[in-house]
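Notes for the structure review
So you can see what is in the structure, the chains are spelled out below.
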Amino acid sequence: MKWQQVLVRAASLIGLVLLWQIVALIAKSDVLPGPLAVLYSLIEHTLSGELPYHLVITLARVAVAFLMAMAIGTAIGIIMGRYKQLDLVFDGALVLGLNIPALVTIILCYLWFGLNDVAAILAVALNKIPTVVVMVREGARAVDPKLLAVAQAYRVPKLVTLRRVFLPQLYPYLMGAARSGLALIWKIVLVVELLGRSNGVGFQLHLFYQFFDITSILAYTLAFAGVVLLVEAVVMRPLEDRLTRWRT
Amino acid sequence: MSGLRIHIREKRFDGKTVLGECTVEAEPGEFIALVGPSGAGKSTLLSLVAGLDEDYDGEITWNGAPLSNHGESPAHMGMMFQEPRLMPWLSALDNVKLAEAERMARDHDYQSNAARLLEEVGLGDATDFWPNHLSGGMQRRVALARAFVVEPQLLLMDEPFVSLDMPTGNRLRRSLLRLCERQRPLVLFVTHDLREALALADRVLFLGDTPARVMLDHPVEGARGKDLESAEVASAQQALLARYPQLLSGILDNARSDADEDEDNA
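Residues numbered from 1 in each chain as written. Chains lettered and ligands numbered in written order. Predicted model: local features only at pLDDT ≥ 70, side-chain atom pairs only at ≥ 80, totals over all residues.

If you tally the helices and strands in chain B, you get nine helices and 11 strands. Taken against the 2.2 N^0.38 rule, which gives 18 Å for 266 residues, the C-alpha radius of gyration of chain B at 19 Å falls within 12% of a compact globule. Along the first, second and third principal axes, the C-alpha atoms of chain B reach 70 × 45 × 35 Å. In chain B, which comprises 266 residues, the share counted as buried stands at 40%. Pairs at least 24 apart in sequence give 67% of the contacts found in chain B among residues at least 6 apart. (Helix = DSSP H or I, 4+ residues; strand = E, 2+ residues; numbered from the N terminus. Rg over C-alpha atoms; globule rule 2.2 N^0.38 Å. Buried ≥ 20, exposed ≤ 12 C-beta atoms within 10 Å, placed from the backbone. Contact = placed C-beta atoms within 7 Å.)

Here it is as C-alpha cells:
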C-alpha cells in the first residue's frame, strides 16, 4: 500500500518531466529550455555556492515568517473562537486583513520600516496571519464543551487542559493552516525579496529576469520546488500522521 | 453536620425554572440513586453539585463548607457522564492520568495510580489502547478507573451504564460496587432505570413535578449489589409502583390522592 503510493507519486513526477521535454523539443526555442539544460544550470549554480546561499536566506525568512504567522494567528484565532464579544470586535479588521492585496502590505511595510529584513518578514507574516486566524477560529468554535467539562470536573490545570484537551481538537485545523500557510508564504517571500532585498531567491530571480536568463530562472524554481516537496514529505506528512494516529 | 447537603431554591435555564425547591442530605459513604423522568433536572442537579454550573440560587455544602467555589470543582470528586467522554487522542492510561494532573502538579512525589486502577477494572493489558480501539463497555471501564483514581469522597454518576447490554452493564455495576467498598465515597447515581436504582443504592430519591423537586425519599431494603433481574428487586419495584403508579412519570399520586381527585371530579 505504502509502496504503491510512492510509485504513483514518482510516476506522476516523471510524467511531468517527460511532458516538459516533449514541449521543449517541439518549441525548439531559448524561451523554453529542456529539463537537461535546466539540470546542468542547477548543478552549476549549486557548485558555485550561490544557489545554496540565496536558498538558505530565503528559507530562513520563510521559517521565521511562518512561525510568527502561525503563533500569532493561532492565539488570535483561539481567542476569537472562544469569546463571542471579541470575535465581534475584531471580525471587521479580519475581513479587511484577508482582502488587503499582499503587494500593499509589502510596500507599506518597506515604506514604514525601511528596506530591511524586519520589514520583509513582517510583511509576509501580516499577509498570512488573517488566514490562520480564520481557520483556527473555526476549530476553536468546534471544540467539544463536553470534553472541556471533564477537564473542569477533574480540576485539570489550565496548561495541561490546553495541551491535552483543547489543542488536540485544533490539530486538523492547525495542520490545514500550516499547509496553506507554507504555500502562501513561499510565494510572498519571493515577491518581498524582489521588491526590497539584495539577496534571496526572489532577488536572484529578478536578476535573471533582467538578463533574460530563463534557464537559471527554471533552475532556481526547480531547487525551490524540491525543497517544498522535501518539507512536505519529511515534516508535514509525518507530523500529520503522528497527530492523527489515534483515528486509525 | 458531616456529609453533603444540597439545598436548591431555584435553577433556571433561559428564564424557565428547571429545578424548584430541592433538598438532599447525605452521609459520607452513602449510595444515593436519583430517579426521575427525562427532563426532571437530574443531570442539571449533578452539574450543580460538580461545580460545572454555578448559576443557581441555593447552597451546596460539604461538612458545612461550600463544596465548590468560583468555577472550581471540588477536590476528591469523581464523575462519570452519560458518554464515556474519553479524550480520543490519549491512550487509556493517559486518559486516567489526566484526572491525576492536578495532584501531580501539587505533589511532585505523587506516584500515579492509573495503571493499578485500570488493572482493577480489568483493563490491565489494554492500557496503551486508544479509546477508538476499545468497546463501549471497555471505554466505560476506563471512565470508571478515571473516576476512582482521584480517591473520591464524592462520586457523581450521570446514567453511566446506559445503553449497555445486560451482562456488560452487570459487570460494570459489580466493578463499581467493589471499588466503592474500598474507598467508600458518597455516590450520587442518576438513572431512569428503577431496577438499577433499587439494586445498587441505599436510598432512592425520586425527582419529578414541575418545577422539579425531590418527591419521595425511599430507603432501599437489603444490601447493595442485588441482581437487577432478581425477584427481590422485582418485588421491591412492584411494591413501589403499586403504591405510586405514576412515580416514574414524575407524578406522586398514591391511592389516597387518587381518591381525592375522583371526589373532586364527581
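Next comes the rest of the write-up.
All names here are of chain A. According to UniProt, the positions carrying the feature "transmembrane region" (unreviewed entry) are residues 53–80, 92–113, 119–136, 173–195 and 207–235. As annotated, residues 173–195 comprises 100% helix and 0% strand, and the C-alpha atoms at either end are separated by 32 Å. Across residues 207–235, helical content stands at 93% and strand content at 0%; the span's end C-alpha atoms are separated by 31 Å. (UniProt positions renumbered as here; feature names shortened; annotations may be inferred.)

Before going further, it helps to examine the interface of chain B and chain A. Listed by partner, the interface residues are 20 residues for chain B and 16 residues for chain A. Contributions of two or more residues to the side of chain B that touches chain A are made by β7 (77–80) and α3 (101–106) of chain B. Per-element accounting of the side of chain B that touches chain A gives the leading share, three residues, to α3 of chain B. Classifying every residue of the side of chain B that touches chain A gives 15 nonpolar, two polar and three charged. (Nonpolar A, V, L, I, M, F, W, Y, C, P; charged D, E, K, R; others polar.)

Taken from the UniProt record, the annotation "domain: ABC transmembrane type-1" (unreviewed entry) applies to residues 55–235 of chain A. For residues 55–235 of chain A, the helix share is 90%, the strand share is 0%, and the end-to-end C-alpha distance is 18 Å.

Turning our attention to the nonpolar core. By size, the foremost hydrophobic cluster in this structure holds 130 residues, and its most contacted members are V124 and V136 of chain A together with L34, V49, V96, L156 and F189 of chain B. Split by domain, this core shows at least three residues from each of two domains, domain 1 (4–76 + 153–265) and domain 2 (85–151) of chain B. Not counting chain neighbours up to four residues away, the residues in contact with V96 of chain B comprise A114, L117, L118, V142, A145, R146 and V149 of chain B. (Core = buried A, V, L, I, M, F, W, Y, C linked by C-beta atoms within 7 Å. Domains from an automatic or database assignment.)

As a further point, take the UniProt feature "domain: ABC transporter" (unreviewed entry) in chain B. Using the residue numbers shown here, the UniProt feature "domain: ABC transporter" (unreviewed entry) corresponds to residues 4–234 of chain B. Taken end to end, residues 4–234 of chain B is 31% helix and 26% strand, and its first and last C-alpha atoms sit 30 Å apart.

Time to look at helix α5 (residues 136–149) of chain B. Residues and elements named next belong to chain B. Taking 1.5 Å of rise per residue, the 14 residues of α5 would be expected to cover 20 Å, and the 20 Å separating its terminal C-alpha atoms lies within 8% of that figure. In terms of burial, α5 is a largely internal element, 12 of the 14 residues being buried. Every buried residue of α5 is accounted for by M138, Q139, R140, R141, V142, A143, L144, A145, R146, A147, F148 and V149. Where α5 terminates, the next one or two residues include E151, which has phi positive at roughly 50°. (Expected span 1.5 Å × (residues − 1).)

Quick look at the domain arrangement of chain B now. Residues and elements named next belong to chain B. For chain B, the assigned domains are domain 1 (4–76 + 153–265) and domain 2 (85–151). Taking the mean C-alpha position of each, domain 1 and domain 2 sit 26 Å from one another. Counting from both sides, the interface comprises 11 residues of domain 1 and, opposite them, 10 residues of domain 2. For the side of domain 1 that touches domain 2, the leading source of residues is helix α6 (residues 166–183), giving six residues. By residue class, the composition of the side of domain 1 that touches domain 2 is seven nonpolar, four polar and no charged.

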